[in-house]
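Residues per chain are reported as follows:
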Amino acid sequence: MKSKGLTTFPEDLYFQETPQEKVDAHLAILHDHKRTWAALATSHKASLVGDILNRFAQLSGQWVDRNLAAKKNQQNESGILEEWFVIAGVAKFLHRLATSLRQIDKYASPRLPAAFTKSMRNRTVAHTFPSSLAERLLLPGYHVEVHFPEGVTPAQVKQHQAIAHHQSDCGGTICLVLGAGNVAHLALIDSLTKLFVENKTVILKMNPVIARLGPLYTRCMQPLVDKGFFRLCYGGKHTGTYLVNHDLVDEIHLTGSKKTYEHIVFGEGPQAEIHKANHRLLNNRPFTAELGNVTPVIIMPGTWSDRRLDFAAAQTAGWHTAVAGFGCLSPRVIVTHRQWPLRSAFLKRCKHYLDKEPLRSAYYPGAHERFNVIKQLHPEMYCTGSPVNDQLPWGFIENVNPAAENEICFKHESFCGIMAETALDSPSVENFIIDAAGFCNTSLWGSLVALVVVDPDMQRNHCPRIEEMIDQLDYGSVMVNMYSGMGHCLACAPWGGAPGRTPFAIDSGVGTVNDPFLLPPIHKAVFRGPFTKAYDPMNITTRNRVEFAQSFAKYNMNPAAANFLRLVAIAAKSAMQRSISA
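Remember, it's a predicted structure, so these values are computed and weren't measured experimentally. Here, residues in each chain are numbered from 1, in the same order as that chain's written sequence. For a predicted model such as this one, the threshold for reporting local features is a pLDDT of at least 70, and the threshold for listing and counting side-chain atom pairs is 80 or more; totals across whole chains, interfaces and linings nevertheless cover every residue. The side-chain values count all of the structure's non-hydrogen atoms but skip hydrogen atoms and water molecules.

1. Remarks on the packing of helix α12 (residues 306-321) against helix α13 (residues 343-356)
- Axis separation between α12 and α13 bottoms out at 8 Å; the angle between their running directions is 50 degrees. As summarised for this structure, α12 and α13 are arranged oblique, according to the angle between their axes. Regarding α12 and α13, the two cross each other, and that crossing is right-handed. Between α12 and α13, the contacting residues are Leu-309, Asp-310, Ala-312, Ala-313, Ala-314, Thr-316, Ala-317, His-320 and Thr-321 on the first element and Ala-345, Phe-346, Arg-349, Cys-350, Tyr-353 and Leu-354 on the second.
- Classifying every residue of the contact of α12 with α13 gives ten nonpolar, three polar and two charged. Interaxial angle, 0 to 180 degrees, is taken between N-to-C directions of lines fitted to C-alpha atoms, where a helix line uses only the stretch in contact. Elements are defined by DSSP. Helices are runs of H or I of four residues or more, strands are runs of E of two residues or more, and each kind is numbered from the N terminus. Angle categories: roughly parallel below 35 degrees, roughly antiparallel above 145, roughly perpendicular from 65 to 115, and oblique for all the rest. Each crossing gets its hand from how the near helix is turned against the far one by less than a right angle, where anticlockwise is left-handed and clockwise is right-handed. By definition, residues are in contact when any of their heavy atoms lie within 4.5 Å. Any residue outside Ala, Val, Leu, Ile, Met, Phe, Trp, Tyr, Cys, Pro, Asp, Glu, Lys and Arg is labelled polar, Gly included; the first ten of those are nonpolar and the last four are charged.

2. Side note on the side chain of His-320
- For His-320, the location among the structural elements is in helix α12.
- With relative accessibility at 1%, the residue His-320 sits in the buried group.
- Reaching out from His-320, the side chain makes a polar contact with the backbone oxygen of Gly-395 at a distance of 3.5 Å. When accessible area is computed with a 1.4 Å probe and restricted to protein chains, residues below 20% of their type maximum are described as buried, those above 50% as exposed, and intermediate ones as partly exposed. Polar contact is defined as a pair of N or O atoms within 3.5 Å, subject to the rule that within protein one atom must be able to donate a hydrogen and the other to accept it, and that residues adjacent in sequence are counted only when both atoms are side-chain atoms.

3. Remarks on the nonpolar core
- Nine residue types can take part in a nonpolar core, namely buried Ala, Val, Leu, Ile, Met, Phe, Trp, Tyr and Cys, and a core is a set of them joined through side-chain atoms within 4.5 Å. By size, the foremost hydrophobic cluster in this structure holds 128 residues, and its most contacted members are Trp-63, Phe-196, Tyr-217, Leu-224 and Phe-346.
- In this structure, Trp-63 is in contact with Phe-56, Glu-83, Val-86, Ile-87, Ala-184, His-185, Leu-188, Leu-213, Leu-216 and Tyr-217, ignoring residues within four places of it in sequence.
- If you look at the next biggest cluster of nonpolar residues, it comprises 46 residues, including Ala-362, Leu-392, Val-400 and Ile-418.

4. Observations regarding the layout of surface pockets
- Buriedness for pockets is judged along seven lines, at least five of which must meet protein on both sides within 12 Å for an open set on the 1 Å grid over protein atoms alone, while cavities are sets there where a 1.4 Å probe fits but cannot get out, and lining residues have an atom within 4 Å of a point. Grid points are joined across faces, edges and corners, and a volume is the space filled by probe spheres set on the points. Each pocket or cavity is described by its volume, and for the largest pocket that value is around 1400 Å³.
- Forming the boundary of the largest pocket are 43 residues, of which Gly-256, Ser-257, Lys-258, Lys-259 and Thr-260 lie nearest the centre.
- At the level of elements, α9 (237-244), β7 (251-255), α10 (258-266), α14 (367-377) and α15 (408-411) are the ones that each hand at least two residues to the lining of the largest pocket.
- A per-element tally of the lining of the largest pocket places α10 first, with five residues.

5. Focus: the sheet that holds strand β4 (residues 174-178)
- A strand pair is defined by DSSP finding two or more bridges across the two strands. Read from one edge to the other, the open sheet built from six strands follows the order β6-β5-β4-β7-β8-β18, with strand pairing classed as mixed. A strand with exactly one partner marks an edge of an open sheet, and here the two such strands are β6 (230-233) and β18 (509-510).
- Lying over the sheet, α9 contacts β4, β5 (201-205), β6 and β7, oriented at roughly 155 degrees with respect to β5.

6. Topic: helix α11 (residues 270-277)
- Ala-272, His-275 and Lys-276 are the residues of α11 that are buried. Down the axis of α11, the sector holding all buried residues measures 100 degrees, keeping them to one side. Of the residues in α11, the exposed ones pointing more than 90 degrees away from the buried face are Pro-270, Glu-273 and Ala-277.
- Residues of α11 that are buried sit in contact with α10.
- Positive backbone phi, approximately 55 degrees, marks His-279, located one or two places after α11. Directions are taken from the helix axis to each C-beta atom, and the arc is the one they span.

7. Structural notes on the confidence of the model for the protein chain
- A residue-level look at the protein chain finds 95% of positions with pLDDT of 70 or above and a mean pLDDT of 93.
- Scored from 0 to 100, pLDDT reflects the predictor's confidence in each residue. The model gives residues 1-13 a pLDDT under 50, and that stretch makes 22 contacts with residues more than four places away or in other chains.

8. Here we look at the pattern of salt bridges
- Salt bridges are identified by distance alone: a Lys or Arg side-chain nitrogen within 4 Å of an Asp or Glu carboxyl oxygen. Across all of its chains, the model carries 29 salt bridges by this definition.
- Here Lys-200 makes a salt bridge to Glu-251, at a shortest N to O gap of 2.7 Å. Placement of Lys-200 in the loop between α6 (186-197) and β5 and of Glu-251 in strand β7 is noted, with a sequence separation of 51 residues between them. Comparing Lys-200 with Glu-251, the two get one shared label, buried.
- A salt bridge links Asp-310 to Arg-349, with the nearest nitrogen and oxygen atoms 2.3 Å apart. Of this pair, Asp-310 sits in helix α12 while Arg-349 is found in helix α13, placing the two residues 39 residues apart along the sequence.
- Taking the relative accessible area as the measure of exposure, Asp-310 reaches 23% and is therefore partly exposed.
- Salt bridges sharing partners connect three or more residues here, namely Arg-121, Arg-123, Glu-150 and Asp-471.

In structure tokens, the structure reads:
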């Protein structure tokens with residue numbers, strides 16, 4: 001996983017803003033080649049994906065080192081393992097994507113791992129994970145389903161798979177990707193999606209926060225750069241404004257904030273709200289976006305043993321602290337049942353594990369200001385540790401009133417290490433299950449992802465009601481007993497906000513990325529995992545986490561038998577250590 005002699009770049013080169021004449025030249029090249037890209041055989045595209053994967057694998061060590069240095073996380077276990085899981089997720093996506101492109105050439109559409117079924121709500125369901133014996137052995141009990149809109153049949157799904165690769169007389173498209181700055185791989189996944197899933201050429205503007213990875217992006221994508229299918233540029237708001245209004249840009253994709261999106265389509269200042277109210281778009285290009293979320297964690301009120309309680313609390317704390325709270329999918333609001341006898345004990349254990357987790361550098365701009373605003377509004381917030389330099393504590397706010405209007409914890413994404421808890425006063429467990437879905441849909445901003453924690457007994461005793469809740473949750477993905485970041489790491493289902501949004505009520509955005517099976521529009525993806533896991537690297541009490549993450553990345557880059565056996569051995573050793581110490 002070393003760079004194997006690939007050229008490194010002087011630091012000052014990739015922080016310079018790309019001049020407008022250079023941007024014009026980039027777009028002119030893409031314009032001259034966009035029709036060629038649209039008509040290129042999928043077998044040729046599959047070969048290009050394989051080349052990108054090989055380059056990415058060679059650069060993975062540099063990628064991790066550069067990111068850790070920029071985030072000041074070189075000595076932080078959680079920070080290190082997150083970077084390696086990013087490597088694993090990108091590699092898995094590239095492997096699956098190459099396979100799907102080859103299958104399009106052979107079968108007209110990608111092959112799915114299993115037969116279609118029907119959900120309890122009679123929706124067509126595609127099963128996308130596990131897709132191999134190795135995945136079953138490595139992640140026992142994990143399962144991923146893609147639910148389609150009502151009335152969509154399996155035949156229609158197959159007919160519309162990989163639709164962008166079957167359109168005749170396509171004149172080609174240039175898509176501007178405005179890259180995210182919080183997690184370094186998102187701009188790469190977005191660009192790959194637009195190129196290989198949607199069949200469009202791409203100009204990527206790097207977010208200044210992750211500009212340090214620009215040279216590595218270019219090296220990974222060099223086969224596409226050489227052929228005039230991909231270009232990359234740097235800069236802030238000035239460059240972004242120039243690009244979104246450029247005559248040669250056909251479409252736009254943004255992973256970022258709702259504020260940035262609305263500035264692009266409605267403008268800024270007092271006139272922006274008028275334009276929005278009057279349904280007037282200042283930029284009417286086709287626009288896809290992923291704009292964040294106030295992510296809920298719904299705790300099903302089970303009867304848990306001390307061991308289960310401890311595992312769930314440590315797991316929740318680990319989800320909270322992942323990527324230092326700078327994830328669009330980071331948990332923000334725990335939703336509990338006020339009458340749950342274990343509620344107080346659960347919250348106490350959550351704080352206990354937050355106390356144990358080392359503090360992280362608050363590397364994303366504005367984190368301290370956002371933290372302080374919430375702290376002023378909630379002076380009762382529990383804060384951990386003794387921050388130094390640019391660190392922030394982990395913040396935990398209990399018992400936020402679920403009926404509070406304009407509650408900042410519900411309406412605004414904190415985008416730092418703060419999580420709140422609210423308790424619903426439902427008359428019964430059955431009522432709570434549906435009340436929780438209603439609360440999340442109506443009181444929390446966003447429609448990207450929701451998490452549900454449910455033990456096997458609850459799942460068995462309340463199965464119809466829980467499945468009804470999962471269907472009713474108005475989110476693009478629902479994670480059952482699973483960290484939301486697995487939606488990217490498993491690379492097996494579309495990722496994006498719930499359908500039905502418009503430019504004038506954008507919510508968490510429109511469109512999806514990270515879809516290696518090239519599926520038509522979906523209702524939602526449902527990720528399911530076991531309540532307790534023999535080995536869970538996202539649980540902060542698990543041992544050998546970094547070793548596992550590095551081996552997981554190596555396996556996903558090269559799924560050889562030796563790499564798989566090494567991974568299984570690490571997980572088995574750690575599971576045994578957990579069992580002995582329990």
